[in-house]
Amino acid sequence: WAGNPVRVLGRSVFDPDRLPRCVHGFASASNPGTCVCSHGWSAARCDVDAIPSCDRDAILTCENVVLGYVFGNHPTCACFRECRALLSKQFGELETAFLIK
């Protein structure tokens, strides 16, 4: 892993420039070399948009999409499906009694 300390004159020296670059997230404190992604972002560097059909300025989170859909603030169908898939991946299959499949 690139985040290992650098050896300088026989001593380990921490080099922050060798930490992973997390585009939409932060470096994990408990699992060195990995990123913890912000909501709706994925991949090793948190640089893949998991909900590309959603307007992030309007929705902020997928929970907002689901609640907004229930209460009448309709996101696009593609956004709703992407959020449902993301939440199901994070929390297990969602209760679908009130959700559209």
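Residues numbered from 1 in each chain as written. Predicted model: local features only at pLDDT ≥ 70, side-chain atom pairs only at ≥ 80, totals over all residues. Heavy atoms only, no water.

Student: Give a detailed account of the state of the cysteines, specifying residues and quantitative values.
Tutor: This structure, assessed with the given rule, holds four disulfides. Paired by a disulfide, Cys22 and Cys35 hold their sulfur atoms 2.0 Å apart. Across the S-S bond linking Cys22 and Cys35, the dihedral sits near -85 degrees, which makes this disulfide left-handed. Within this pair, whereas Cys22 is found in the loop between β2 (11-13) and β3 (25-27), its partner Cys35 is found in strand β4 (residues 35-37), the two being separated by 13 residues in sequence. Covalent S-S linkage joins Cys62 and Cys83, the inter-sulfur distance amounting to 2.3 Å. Measuring the twist about the S-S bond at about -70 degrees, one finds the Cys62-Cys83 disulfide to be left-handed. In this pair, Cys62 is assigned in helix α2 (residues 62-70) and Cys83 in helix α3 (residues 77-91), connecting sequence segments 21 residues apart. Accessibility assignment for this pair places Cys62 and Cys83 in one class, buried. (Disulfide = S-S within 2.5 Å. Helix = DSSP H or I, 4+ residues; strand = E, 2+ residues; numbered from the N terminus. Buried < 20%, exposed > 50% of the residue type's maximum accessible area, 1.4 Å probe, protein only.)

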